[in-house]
Amino acid sequence: MTVRTGYDVTRHGASFLWLELTEKCQLNCTHCYADSGPTKSHGTMTTGDWLAVIDDAAAIGVGVIQFIGGEPTLHPALPELIRHASARGIATEVYSNLVHIRADIWDLLVECRVRLATSFYSDQAEQHRMITGNARALERTTANIGKAVRLGVPIRVGIVTVLADQRVEQARRLLTDLGVEDIEVDHVRRAGRANADADVKLEELCGQCAGDVLAVYPDGAVRPCVFTRTLEVGDVLTSSLRDVIESQELVTARAAIRNATENSRDCNPTCNPGCHPGCGPRCAPGLICNPFK
Ligand code: SF4
């Protein structure tokens, strides 16, 4: 088995989980990996189903859960799920567009020491609007990034390059001026609305999802990651997370990803071990393998 320097795709089980709580989102980004938007739903997973997944995750040894969507703060059960994970010793991160965070969620982020992550595009409202479909997105997201910094909520920001003339360096300066220290630049992953084809090609993945990471989708489907949107390896509505982890389907999918990404340059081979989700996580949508952290 080939092991690339910097991360270990030989790890089995799951140490990191994406819980994609919803397809609903206030924004309608042109490149959305999940094809989310205002008219979408929270899916078929009930709060009880999500709680059971978190219980299984704790029993399996998952160390980090990232709540993502869609916009996870729109899901009514998010506070309960964060508390449930925290009570079981699982570190949590919320990947939000930061367009609107309710007061009780801010309190929860501080109380449960939740980390925030968000995507950012430009220092110009018009460029942000062209990408997100919302004329006030820049103003609101910027204000909430500043609020997170003031409250001491850890935050990392991925500047995602979508437009040819995108003001990336100006955006980085704006974020630095706000006090954000963890800033990365990434390209769009070809999944969801960013891909006219059926699914992202395995060769375009970073390869991390050949290892011990998994994603649970709003309909209960389990896939190696949030970008492998047609590579289903199980369903937590019909079996347990542990059963999925022990399944031949997952072994086969991870082997296919490993073979397809062995020569990938998406992850810098000197990465040590920056692209493992446990170190960031780094391989979330809009985020990047950062070999230098
Ligand atoms: S990319 Fe994120 S913020 Fe934009 S529509 Fe998709 S889920 Fe919402």
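Computed from a predicted structure; not experimentally measured.

Asks: Is there a simple way to think about the nonpolar core in this case?
Replies: Side chains of a nonpolar character, in soluble globular proteins, are inclined to be buried together. By size, the foremost hydrophobic cluster in this structure holds 52 residues, and its most contacted members are Leu19 and Phe67. Tallying contributions element by element places helix α1 (residues 47-60) first for this core, with five residues. Those residues in contact with Phe67 that lie beyond four places of it in its chain are Leu19, Leu21, Ile54, Pro72, Leu78, Leu81, Ile82, Thr92, Glu93, Val94 and Tyr95.

Asks: Looking at this model, I keep getting lost on the sheet that holds strand β9 (residues 234-235). Mind explaining?
Replies: Whether parallel or antiparallel, the strands of a sheet pair through hydrogen bonds between backbone atoms. Strand order in the open sheet formed by nine strands is β6-β5-β4-β3-β2-β1-β7-β8-β9, and the pairing between neighbours is mixed. Of all strands in the sheet, those with a lone pairing partner are β6 (182-187) and β9, marking the two edges.

Asks: Explain unusual backbone geometry to me, please; I cannot follow it from the model alone.
Replies: Leaving glycine aside, a negative phi is the common case for residues, and trans is the common case for peptide bonds. Here Gly69 and Gly70 are connected by a cis peptide whose omega angle stands at 20 degrees. On the secondary structure map, Gly70 appears in the loop between β2 (64-68) and α2 (78-87). At Asp35, a position not held by glycine, the phi torsion is positive, near 55 degrees. Here Asp35 shows up in the loop between β1 (16-20) and α1. Accessibility expressed as a relative area gives 33% for Asp35, which makes it partly exposed. The phi angle at Leu98 is positive, at roughly 60 degrees, despite the residue not being glycine. Within the secondary structure, Leu98 is located in the loop between β3 (91-95) and α3 (103-111). Among the residues examined, Leu98 registers a relative accessible area of 0% and is labelled buried.

Cut-off values and rules
The numbering scheme is per chain: residues are counted from 1 as the chain's sequence reads. Local features in a predicted model are, by the rule used here, given only for residues with pLDDT of at least 70; side-chain atom pairs are given and counted only at 80 or more, and totals for whole chains, interfaces and linings are based on all residues. Calculation of side-chain values draws on the structure's entire complement of heavy atoms; hydrogens and water are dropped beforehand. To qualify as a nonpolar core, a set must consist of buried Ala, Val, Leu, Ile, Met, Phe, Trp, Tyr and Cys residues joined through side-chain atoms within 4.5 Å. Buried means the residue's accessible area, taken with a 1.4 Å probe over protein chains only, is under 20% of the maximum for its type, while exposed means over 50%, and partly exposed covers the values in between. A run of DSSP states H or I qualifies as a helix once it reaches four residues; a run of E qualifies as a strand once it reaches two. Both are numbered from the N-terminal end. We call two residues in contact whenever any of their non-hydrogen atoms come within 4.5 Å of each other. DSSP calls a pair of strands paired once it identifies at least 2 bridges connecting them.

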